[in-house]
Amino acid sequence: MGEWELLDITSNDHREQYKDDYIDELIFHVRVRRRATLYVVNLLIPSCFLITVDLFSFLLPPQNVDRSSFKMTLILGYTVFLLIMNDLLPITGNTIPLINVFFSICLALMVASLLETILITNLLCGSADFSPVPRLIRVIVLQILGRLVCMPQKTKRPGDSEMKPNVVVAQQKPDDKLSGEMGPVVVDKSLQELRSLGKNLQAIRLQVEKLGGSQGSEDWIQVGFIIDRLLFGLYIFFISCCPRKVKPAKVLFIFIISVLMHAPCSSVMLNCSQPNLPSLLEALQPVFNLSSIRPVMNKSTHTIVSIDFTLVSILGVRWRNEFVRWDPEQCGTSRITIPRKLLWVPDIVINEFMDKNTAPFVPYSYLYSDGLVIDDHPVRVVSSCNLDIYTFPFDIQTCTLTFNSYIYRPALYFSAPLQVSVRRRATLYVVNLLIPSCFLITVDLFSFLLPPQNIDRSLFKMTLILGYTVFLLIMNDLLPVTGNTTPLINVFLCLCLALMAASLLETIVITNLLCGSVHYSPVPHWIRVFVLHILGRLVRLPPKPRDREDTVIPNPAAQVSSLVAEDSEVSQQKGPLDKEMVWQELRSLGSDLQAICLQVKQRLGESQGSEDWIQVGFIIDRLLFCFYILFISVSFITITIIWMQSNNTS
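Here the structure is a predicted model, which means the values were calculated and not measured. (Residues numbered from 1 in each chain as written. Predicted model: local features only at pLDDT ≥ 70, side-chain atom pairs only at ≥ 80, totals over all residues. Heavy atoms only, no water.)

Looking now at the state of the cysteines. By definition, a disulfide links the sulfur atoms of two cysteine residues through a covalent bond. A complete count under the given rule lists one disulfide for this structure. Cys385 shares a disulfide with Cys399; S-S distance 2.0 Å. Across the S-S bond of Cys385 and Cys399 the torsion is about -95°, and the bridge reads as left-handed. Pair noted here: Cys385 is in the loop between β9 (372-378) and β10 (396-401) and Cys399 is in strand β10, with a separation of 14 residues, a long-range link. Residue classification places Cys385 among the partly exposed residues on the basis of a relative accessible area of 26%. Note on Cys399: relative accessible area 17%, which makes it buried. (Disulfide = S-S within 2.5 Å. Helix = DSSP H or I, 4+ residues; strand = E, 2+ residues; numbered from the N terminus. Buried < 20%, exposed > 50% of the residue type's maximum accessible area, 1.4 Å probe, protein only.)

So, in structure tokens, the structure goes:
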């Protein structure tokens, strides 16, 4: 049986009474089991490989490796794998297969790990600008969860208040020692140089501390690492608890064979020589010879044709033949099964029929003793229907089927149309279309947390757009191609793609401002007012106050020249030569430290104009982030409401 393995076949019979007759039903139960090797090799094993790779990606240090791009590429590969293997998954049934749930949870875990990696990267690169960790997060995450995942809170390093007295003492001791050996003029100059040297060292220390981060920054980084370890544990728990063996699926086929039983009835028209079927067939021969004409005694008499329609494609047609009437007692039966070609059959057609009927042909009809003819035969209807697909895949369609006769239109015409209302089962589209789209758009939303000054966010977003485009191309067969209106889901998917492209363009602008704004002219006044002041306060990014502490930076070259001039003026008032050389060395060391401090400040902060352009970029970034949140919230609420309304509609 190819994919299926036959387990057993059982049968039982059942008798029903239908009007005055009895019908015996013989029911066969065929139980088969699917051979799972194909699905294990092509679906389960590759999925386990990919989920294991994502598990081991937690070992990549986020402070040294761009883990987010690695995970994004992995999600792209897993999505393409699921889309290509989608033909192997069942698309019909009353329940969702367990393997579909497994794939959805795997994809959800991959997306969750990617979002957590983005959060970790944001904490590692931008936590220096964050406020201190709130007490609630400190207690729950750092103390409770930290011990749970074997990452206890680190001890605090000594603060600045503990280190400054030692520096002062260390500065005072050499001064006292020098004062006894040098003269008053030399000591004053030496103290002045040492104080200048101490100020320069303190400025360099402050700049280096800015690079190293504060205690609050270290706490936020520790929070990120604890969340990373916690998700790693959940990943291991999920993989360990996956069902190792699933019971084989069983499919039940039911074949029904109906056998007509005979029962006595009453009435009179035909004369049978004996109460048996051969004599009845012999009496019906004149009727069979009249099968080419409509069975009425008078041409003006209408033939009433009744039509029974069942959605599983059974079409029942019944009419009365005036040429036929017999006595069931005389002929021995009230009903006989005869070939359809021996009787007149109306040419009932469906106006909306668009294709040839491929259902199996049933060659027999029922003929009753009162002239009633019942003709039941299956019909596979492919009809035209005016579809309203605006709420696809949560739509309810109403199609019209019109039955009539073309040959006997003056005598027979059935004008009342049959309305068929059907509701689409949306589970397939939700699982294969909406949920992956929501995952990808959520990943793009969280990518705004990646610091553009440290991570190549544009490459990440470009990979995401590539994956989303491939996903839409492969899933294009699931979307409707006909209809009078554009489906709402098409609008949703187009807006998602447009927002992804807009966020990529905005990321390119941000990267340009971060790297090239030093060479730009100052920010125009209208941009400063509209963006920095109005939009900045709207997105809670007000203009930063100007830093006035380090606005005056002495020129090292000028400082050295002034020191050399002072040295030439007072060179005759100095003590011995070795003390003069010590003084000159102190001056040279101080000028070198000032030059280093100047270079550090230039590395850490650029001009005010550059900072304004960077602030403009961050405000635009925050504004698009807010638009993203608004769009996703409205989309999710709309999809949920439409889905609930579709399920509540009977």
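By the secondary structure assignment, Leu387 is in the loop between β9 and β10. Once the C-alpha coordinates of Leu387 and Thr398 are considered, the two residues, eleven residues apart in sequence, prove to be 7.8 Å apart.

Model confidence for the protein is summarised by a mean pLDDT of 75, while 75% of its residues fall at 70 or above. Residue range residues 243-268 is modelled with pLDDT below 50. Its contacts to residues more than four positions away, or to other chains, number 64 contacts. This stretch, residues 549-575, has a pLDDT under 50; its non-local contacts, to residues over four places away or in other chains, come to 25 contacts. (pLDDT = per-residue confidence, 0-100. Contact = heavy atoms within 4.5 Å.)

Turning our attention to the packing of aromatic side chains. Under the criterion given, the structure shown has ten aromatic pairs. Measuring from centroid to centroid gives 5.7 Å for Phe102 and Phe103, while their planes differ by 50°, and the two rings are tilted. Taken as a pair, Phe102 and Phe103 share a single burial class, namely buried. A network of ring pairs unites the aromatic residues Phe58, Phe232 and Tyr235 as a single cluster. One Lys or Arg, Lys71, reaches over the ring of Phe58 and ends 4.3 Å from the middle of that ring. Cation over ring: Arg335 sits above Tyr366, and NZ or CZ is 4.1 Å from the ring centre. (Phe/Tyr/Trp six-rings, centres within 6.5 Å; stacked < 30°, edge-to-face > 60°. Lys NZ or Arg CZ within 6 Å of the ring centre and 35° of its normal.)

Now for the packing of helix α2 (residues 67-84) against helix α3 (residues 98-126). Look at α2 against α3: their axes get within 9 Å of each other, and the N-to-C directions meet at 160°. In terms of orientation, α2 and α3 fall into the roughly antiparallel class. As α2 runs across α3, the sense of the crossing is left-handed. Every residue of α3 that contacts α2 at Arg67, Ser68, Lys71, Met72, Ile75, Tyr78, Thr79 and Leu82 is listed here: Phe103, Cys106, Leu107, Met110, Val111, Ser113, Leu114, Glu116 and Thr117. Split by residue class, the contact of α2 with α3 holds ten nonpolar, four polar and three charged. (Axes fitted to C-alpha atoms, helices over the stretch in contact; angles between N-to-C directions. Parallel < 35°, antiparallel > 145°, perpendicular 65-115°, else oblique. Left-handed = near helix turned anticlockwise from the far one by under 90°. Nonpolar A, V, L, I, M, F, W, Y, C, P; charged D, E, K, R; others polar.)

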